[in-house]
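Each chain is listed here by its residues.
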Amino acid sequence: QKEVEQNSGPLSVPEGAIASLNCTYSDRGSQSFFWYRQYSGKSPELIMSIYSNGDKEDGRFTAQLNKASQYVSLLIRDSQPSDSATYLCAADPPAGGTSYGKLTFGQGTILTVHP
Amino acid sequence: DGGITQSPKYLFRKEGQNVTLSCEQNLNHDAMYWYRQDPGQGLRLIYYSQIVNDFQKGDIAEGYSVSREKKESFPLTVTSAQKNPTAFYLCASSLGLYNEQFFGPGTRLTVL
């Protein structure tokens, strides 16, 4: 069973701090990784995609990928109360396998940013 | 506006009934997906479709059926064989199977 695991949290940070969300994956052949934000009662919203080792920045968000360690993270700088949500990590399976096309999601990390 | 729509937003079903959830997209995406989310849990894949007239079972397909007669539409039927259907159902689409998936607003199904 190929898995994506996240620290379950909940993670609580003060406003203005850096929130760090972590994710590990078991399928070494995975190539594409995604972070979704899901507000309570709403559907997931894609916030970051990352495909190669290193950092990818978009505004206050930075995704980090380390394929050797099978580790993906999301950093949120200058956290705001509006960032309070569940963050889902997802990984694509390698092409050609039996899981072709089936994105695997982690359980999600609940983030609370308090004023 | 381009996007994914799901209807209805809320659906109540009596035991023994089949119900169909609608999913439509105007993003010109080839691939479409159905997920189920239970409270406090992650997403589980029910069915997915790469192209019109073709679809594949996901991890929890039992008790569900789908069709893909048009590129824009991927309806999900929850049959009476699904023993615990109360959940939040999410439809998603992507350009292809290895592209980012985008989600519709979801349908919350409750069995009475």
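Residues numbered from 1 in each chain as written. Chains lettered and ligands numbered in written order. Predicted model: local features only at pLDDT ≥ 70, side-chain atom pairs only at ≥ 80, totals over all residues. Heavy atoms only, no water.

Colleague: Go over the overall build of chain A with me, naming the residues and quoting the values.
Modeller: When its secondary structure is counted, chain A shows zero helices and eleven strands. Sequence-ordered secondary structure for chain A, helices as α and strands as β, is β-β-β-β-β-β-β-β-β-β-β. Taking 13 Å as the expected radius of gyration for a compact globule of 115 residues, we find that chain A reaches 14 Å, a close match to that expectation. Taking the principal axes of the C-alpha coordinates as reference, chain A spans close to 45 × 30 × 20 Å. Within the span of chain A, comprising 115 residues, buried residues form 43% of the whole. For chain A, the exposed surface amounts to about 5,300 Å²; the carbon and sulfur share of it is 49%. (Helix = DSSP H or I, 4+ residues; strand = E, 2+ residues; numbered from the N terminus. Rg over C-alpha atoms; globule rule 2.2 N^0.38 Å. Buried < 20%, exposed > 50% of the residue type's maximum accessible area, 1.4 Å probe, protein only. Areas by Shrake-Rupley, 256 points an atom, 1.4 Å probe, with all protein chains shown as cover.)

Colleague: I'd like to hear about the nonpolar core, residue by residue, with values.
Modeller: One finds Trp35, Val72, Leu74, Ile76 and Tyr87 of chain A to be the most contacted residues of the largest nonpolar core, which totals 23 residues. Of all elements in the fold, only β3 (19–25), β4 (33–38), β5 (45–50), β7 (61–66), β8 (71–76), β9 (85–91) and β11 (109–114) of chain A reach the threshold of two or more residues within this core. Aside from chain neighbours lying at most four places away, what touches Ile76 of chain A is Ala17, Ile18, Ala19, Leu21, Arg60, Phe61, Asp83, Tyr87 and Leu111 of chain A. If you look at the next biggest cluster of nonpolar residues, it comprises 19 residues, including Leu21, Cys23, Tyr64 and Leu76 of chain B. (Core = buried A, V, L, I, M, F, W, Y, C linked by side-chain atoms within 4.5 Å. Contact = heavy atoms within 4.5 Å.)

Colleague: Which residues make up the sheet that holds β8 of chain A, and what are the values?
Modeller: Residue and element names in this part refer to chain A. Taken in spatial order, the five strands line up as β1-β3-β8-β7-β6 in an open sheet, and their pairing is antiparallel. Since the sheet does not close on itself, it has two edges, and those belong to β1 (4–6) and β6 (54–58), each with one partner. When the angles between neighbouring strand axes are averaged without regard to direction, this sheet yields 20°. Sheet analysis places β1 next to β3, joined by three bridges and oriented antiparallel. (Pairing = 2+ DSSP bridges. Axes fitted to C-alpha atoms, helices over the stretch in contact; angles between N-to-C directions.)

Colleague: I'd like a description of the pairing of β11 of chain A, backed by residues and values.
Modeller: Residue and element names in this part refer to chain A. Only one face of β11 is buried, namely the one carrying Thr109, Leu111 and Val113, since none of Ile110, Thr112 and His114 on the opposite face is buried. Both strand β2 (residues 11–14) and β11 contribute to a ladder of four bridges, which runs parallel. Within the sheet, the bridge partner assigned to Val13 lies in β11 and is Val113.

Colleague: Hey, could you go over the interface of chain A and chain B for me, with residue numbers and the actual values?
Modeller: Between chain A and chain B, the residue contacts involve 23 residues of the former and 22 residues of the latter. Carbon and sulfur atoms supply 53% of the area that chain A and chain B bury against each other, a total of about 1,800 Å² over both sides. The tally of links from chain A across to chain B stands at zero salt bridges. Taken together, the connections running from chain A to chain B amount to five residue pairs in polar contact (both at pLDDT 80 or more). In terms of residue count, the dominant contributor to the side of chain A that touches chain B is β4 of chain A (three residues). (Buried area = accessible area lost by both parts, 1.4 Å probe. Salt bridge = Lys/Arg side-chain N within 4 Å of Asp/Glu carboxyl O. Polar contact = N/O pair within 3.5 Å; in protein donor to acceptor, adjacent residues only side chain to side chain.)

Colleague: Would you mind going over the packing of aromatic side chains in detail, with residue names and values included?
Modeller: If you walk through the whole model with that rule in mind, you get eleven aromatic pairs over all chains. Arranged with centres 4.5 Å apart and planes meeting at 45°, the rings of Tyr25 of chain A and Phe33 of chain A form a pair that is tilted. The residues Tyr25 of chain A and Phe33 of chain A share a single accessibility class, namely buried. Relative to Phe55 of chain B, the ring of Tyr47 of chain B has its centre 5.9 Å away and its plane inclined at 80°; by these criteria the two rings are edge-to-face. (Phe/Tyr/Trp six-rings, centres within 6.5 Å; stacked < 30°, edge-to-face > 60°.)

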